[in-house]
Amino acid sequence: MIPTALQAALWGLLAGGALVLGAAIGWFFHVPQRLIAAVMAFGAGVLISALAFELMEEAYERGGFLATAIGFVGGALLFTIANWWLARQGAKHRKRSQGQQPSEQQDGGSGLAIAVGALLDGVPESVVIGLSMLRGGAVSMVAVIAIFLSNIPEGLSSAAGMRRAGRSAVYVFGVWGAIALTSSAAAWAGFAVFRDFPPGVIAATTAVAAGAILAMLADTMVPEAFEHTHDATGLITVLGFLAAFTLSKLGGHS
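This structure is a prediction, so every number in the text was calculated from the model and none was measured. (Residues numbered from 1 in each chain as written. Predicted model: local features only at pLDDT ≥ 70, side-chain atom pairs only at ≥ 80, totals over all residues. Heavy atoms only, no water.)

### Observations concerning the overall build of the chain
Inference 1: Secondary structure summary: the chain contains seven helices and zero strands in total.
Inference 2: Going from N to C terminus, the chain has its helices and strands arranged as α-α-α-α-α-α-α.
Inference 3: The proportion of buried residues among the 254 residues of the chain is 51%.
Inference 4: Split by element, the accessible area of the chain, about 11,000 Å² in all, is 71% carbon and sulfur. (Helix = DSSP H or I, 4+ residues; strand = E, 2+ residues; numbered from the N terminus. Buried < 20%, exposed > 50% of the residue type's maximum accessible area, 1.4 Å probe, protein only. Areas by Shrake-Rupley, 256 points an atom, 1.4 Å probe, with all protein chains shown as cover.)

Next up, the structure:
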């Protein structure tokens, strides 16, 4: 029997590994920009559904409205401040693929900022995977699938942009490989670190992650999707939301 903490780490690695898969597709193949944007819109819808019906509901049941609300707004505020700072360091367009990312020659240090920004985007999602296993030891498959589906276009779009900015394959796959491993560690921490904490702390932490993810979607994923799918973005996002909602109602834990 695999220890539950190790299971959390493996689920986090699976979800984070989608970044490497997406980066490989973006690096080695020419994928139409509208397709990338459509998958990103679908992934955003899946994540929004997971936030609404998995994370926020779980946080509310554990800690009540106050802890959930404080955590949710706090997570969005933390992400917004960190994202604002990273944008000033050159990571504003880290998910963009059409030449918006600066090269090191254009903006020294932007490569590191982009890597840190990708880490900022990925860690809250992975912590959620571990937190979902605190009740009964079963992972939320809705959360895992939502994160996996959103990570593929994220890695794809970012890697394509990094390539256009002149960054090397070693840099690109090093960044995404490191983030996949960090995602595994964050999922492990979500279970192992928080399992002995009071319900209010777990609720607030879950809500913090939810707030950070929603702010990330609004600031980075949705603008990239809308730029290329335009009027179809809303419909595709709704389809992603419906897919995750259906999965949650059919039974979202392994």
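### Side note on helix 4 (residues 141–164)
In an α-helix, one full turn covers 3.6 residues, which means residues spaced three or four apart are oriented alike.
Inference 1: Between its first and last C-alpha atoms helix 4 spans 35 Å; for 24 residues at 1.5 Å apiece the expected length is 34 Å, and the two agree.
Inference 2: Burial analysis of helix 4 places 18 of its 24 residues in the buried class, the great majority of the element. (Expected span 1.5 Å × (residues − 1).)

### Section: the environment of Ala-59
Inference 1: Tracing the sequence through the fold places Ala-59 in helix 2 (residues 33–91).
Inference 2: By relative accessible area, Ala-59 is classed as buried at 0%.
Inference 3: Those residues within four positions of Ala-59 in sequence are excluded, and the remaining contacts are Gly-64, Thr-68, Ala-203, Thr-206 and Ala-207. (Contact = heavy atoms within 4.5 Å.)

### Structural notes on the packing of aromatic side chains
Inference 1: Under the definition given, this model contains five aromatic pairs.
Inference 2: Ring geometry for Trp-27 and Phe-173: centres 6.1 Å apart, planes at 70°, overall edge-to-face. Here Trp-27, found in helix 1 (residues 4–28), pairs with Phe-173, found in helix 5 (residues 169–192); they are 146 residues apart in sequence, far enough to count as distant.
Inference 3: Owing to a relative accessible area of 12%, Trp-27 belongs among the buried residues under this scheme.
Inference 4: Between Phe-28 and Phe-173, the aromatic rings sit 6.0 Å apart at their centres with planes inclined by 20°, giving stacked as the arrangement. Taken as a pair, Phe-28 in helix 1 and Phe-173 in helix 5 lie far apart in primary sequence, 145 residues in all.
Inference 5: Residue Phe-28 is classed as exposed on the basis of its relative accessible area of 58%. (Phe/Tyr/Trp six-rings, centres within 6.5 Å; stacked < 30°, edge-to-face > 60°.)

### Comments concerning the nonpolar core
Inference 1: Core analysis: the largest hydrophobic core is formed by 42 residues, its most contacted members being Leu-47, Ile-129, Ile-213 and Leu-217.
Inference 2: Elements with a contribution of two residues or more to this core: helix 1, helix 2, helix 3 (110–131), helix 4, helix 5, helix 6 (199–229) and helix 7 (233–251).
Inference 3: Every residue in contact with Ile-213, bar those within four places of it in the chain, is listed here: Leu-47, Leu-51, Leu-55, Pro-124, Glu-125 and Val-128.
Inference 4: Within the second largest apolar cluster, nine residues are counted, among which are Leu-19, Ala-23, Met-162 and Val-172. (Core = buried A, V, L, I, M, F, W, Y, C linked by side-chain atoms within 4.5 Å.)

### A look at a nonpolar patch on the surface
Inference 1: A surface patch of nonpolar side chains, amounting to about 440 Å² of accessible area, comprises Ile-2, Leu-6, Leu-10, Leu-13 and Leu-181.
Inference 2: Turning to its location among the elements, Leu-6 is positioned in helix 1.
Inference 3: Judged by its relative accessible area of 42%, Leu-6 is partly exposed. (Patch = residues over 30% accessible without salt bridge, like charges linked within 9 Å, V, L, I, M, F, W, Y side chains within 5 Å. Salt bridge = Lys/Arg side-chain N within 4 Å of Asp/Glu carboxyl O.)

### Focus: the confidence of the model for the chain
Inference 1: The share of residues in the chain with pLDDT of 70 or more is 86%, and the mean pLDDT across the chain is 81.
Inference 2: Confidence scores differ between elements of the chain, with helix 3 showing the lowest mean pLDDT of 73 and helix 1 the highest of 91.
Inference 3: Residue range residues 102–111 is modelled with pLDDT below 50. Its contacts to residues more than four positions away, or to other chains, number 22 contacts. (pLDDT = per-residue confidence, 0-100.)

### Thoughts on the packing of helix 1 against helix 4
Inference 1: Orientation of helix 1 relative to helix 4, taken along the N-to-C sense of each, is 30°, at an axis distance of 6 Å. The angle between helix 1 and helix 4 falls in the class roughly parallel. As for the relative orientation of helix 1 and helix 4, their crossing is right-handed in sense.
Inference 2: Classifying every residue of the contact of helix 1 with helix 4 by side-chain character gives 18 nonpolar, five polar and two charged. (Axes fitted to C-alpha atoms, helices over the stretch in contact; angles between N-to-C directions. Parallel < 35°, antiparallel > 145°, perpendicular 65-115°, else oblique. Left-handed = near helix turned anticlockwise from the far one by under 90°. Nonpolar A, V, L, I, M, F, W, Y, C, P; charged D, E, K, R; others polar.)

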